[in-house]
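Examination of the molecular architecture
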Amino acid sequence: MRISIGCDHIVTDEKNYLVSYLEGKGHEVIDNGTYDKERTHYPIYGKKTAEKVVSGEADLGVVVCGTGVGISVSSNKVKGIRSALVGDVETARYAKETLNANVIAMGGRIVGIGLIENIIDEFLETEYQQSEANDRMIERIDALVMNEEQKNDDHYFDEFLEKWENGGYPNE
Amino acid sequence: MKIAIGSDAKGFELKEHMKEVLNHLGHEVLDETPDEDLDFFDATTKVVSVVQDNQADRGIIIDEYGAGPFMVANKHKGIICANVFDEHSAKMTRGHNNTSIIAIGAGIVGPKLAEKIVESYVNADYDGGRHQIRVDMLNKMC
C-alpha cells in the first residue's frame, strides 16, 4: 500500500519510527514532514498529507501530533477526507469498516508506540463494509460544504506565515 | 458557561448523565437532542449550528465512538472538534487548539472518565499566543 504520513515538530521521532515501521511491512511511504524539530505548524502537514490521499498518490494517510487533534482536524478539513482521531484499536476498526476513514490520527504524547503500531495495522487491514446505510452516511459527510480553493495550494497559509515571520504572533 | 450538548441513540444515556454533571458544575446546558432516535450526523449538525451562531460557548457530542461526529463537525466553517478519550487531551486541546466542540464515544469511554474529560475541558482556557497561527490556518481551511 502507499501511505502518506505527516507530523508536527513535537513528534518527529515518532513519525520517523512509523515511516520505518511501515516500510518494514512492505508499504511505500510518502513522508510529508516535518523533518526536524524546529517549531512549525501542524495544519501545513495535515493538509499536505491529506491531499496526497485525495489525489490518489497515496491509498491512506497517517497523521500524528502531540494530542493528534490539530493535525487530524486539518486533514479532515480537506475535501474528500474522512479522518479518525483514535486512541484504541476498536475505534480504528469501526472508522474504517463503517465510515471508510482514509486518514488515521493519533497523539504521539497520548498513545504509546506499541498501541500506535496496533492501531495502524488494524486501520490498514480492515476493509470497508459496503452497505446502503454506510454508503449513504459517507455521501452525507462528503457532501458537506467545503472550501475547494485551498486544494493543492502550497501557498495557502502564506499570509499567516508572513505575519509569524514578522513577529505578528506572540512567541510564547 | 453555556454548553450545547447532543447525542445519537447510542450516546443518549451518557448525554443525560453529562447534563447532570454540567449542571452540578454550575453550567447552563442546552440539550439539542431531546429526542433519542437521531443519528450522529443530525445530532452533530444541531450542536454545530448552535456553536456557530454563538448561542453556546462550547459543544459536546456523544455517540458510540466519537469518530463520526469528529468527521462531520470538522467539515463546518470555524468549527474545531476533538474526539477525546483522556483527561490530558481534553485540557490540552482547549489550550492549544481552541477546540469549540468535543466528541465522546460512549462505547469507548466509561461514565467516570467521561465526567473527568468534560470537567477538564470546560475548566481549561485557550492559551492563545503562538497557537493562534495554527487556529487561523484551520479556520481559513473551513
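Everything discussed here concerns the structure shown above.
A short tour of the structure in this document, coming up. (Residues numbered from 1 in each chain as written. Chains lettered and ligands numbered in written order. Predicted model: local features only at pLDDT ≥ 70, side-chain atom pairs only at ≥ 80, totals over all residues.)

It is worth spelling out the overall build of chain B at this point. If you tally the helices and strands in chain B, you get six helices and five strands. Listed N to C, the secondary structure of chain B is β-α-β-α-β-α-β-α-β-α-α in terms of helices and strands. Expected size for 142 residues packed as a compact globule is a radius of gyration near 14 Å; at 14 Å, chain B falls within 12% of this value. C-alpha extents for chain B along the principal axes are approximately 40 × 25 × 25 Å. The burial tally for chain B puts 57% of its 142 residues in the buried class. Taking as baseline every contact in chain B between residues at least 6 positions apart, the subset at least 24 positions apart corresponds to 70%. (Helix = DSSP H or I, 4+ residues; strand = E, 2+ residues; numbered from the N terminus. Rg over C-alpha atoms; globule rule 2.2 N^0.38 Å. Buried ≥ 20, exposed ≤ 12 C-beta atoms within 10 Å, placed from the backbone. Contact = placed C-beta atoms within 7 Å.)

Contact residues are listed per partner, giving 38 residues for chain A and 34 residues for chain B. In the side of chain A that touches chain B, the residues fall into 20 nonpolar, twelve polar and six charged. (Nonpolar A, V, L, I, M, F, W, Y, C, P; charged D, E, K, R; others polar.)

Residues and elements named next belong to chain B. Spatial strand order, 2-1-3-5-4: five strands in an open sheet with parallel pairing. Taken across any chain shown, the strands that pair with only one partner, and hence form the sheet edges, are strand 2 (28-31) and strand 4 (81-83). On average, adjacent strands in this sheet sit at an angle of 20 degrees to one another, irrespective of strand direction. The sheet contact formed by strand 1 (residues 2-7) and strand 2 spans four bridges and is parallel. Paired with Lys2 across the strands is Glu28, a residue of strand 2. (Pairing = 2+ DSSP bridges. Axes fitted to C-alpha atoms, helices over the stretch in contact; angles between N-to-C directions.)

In short, the description is geometric, and any link to function would need to be established separately.
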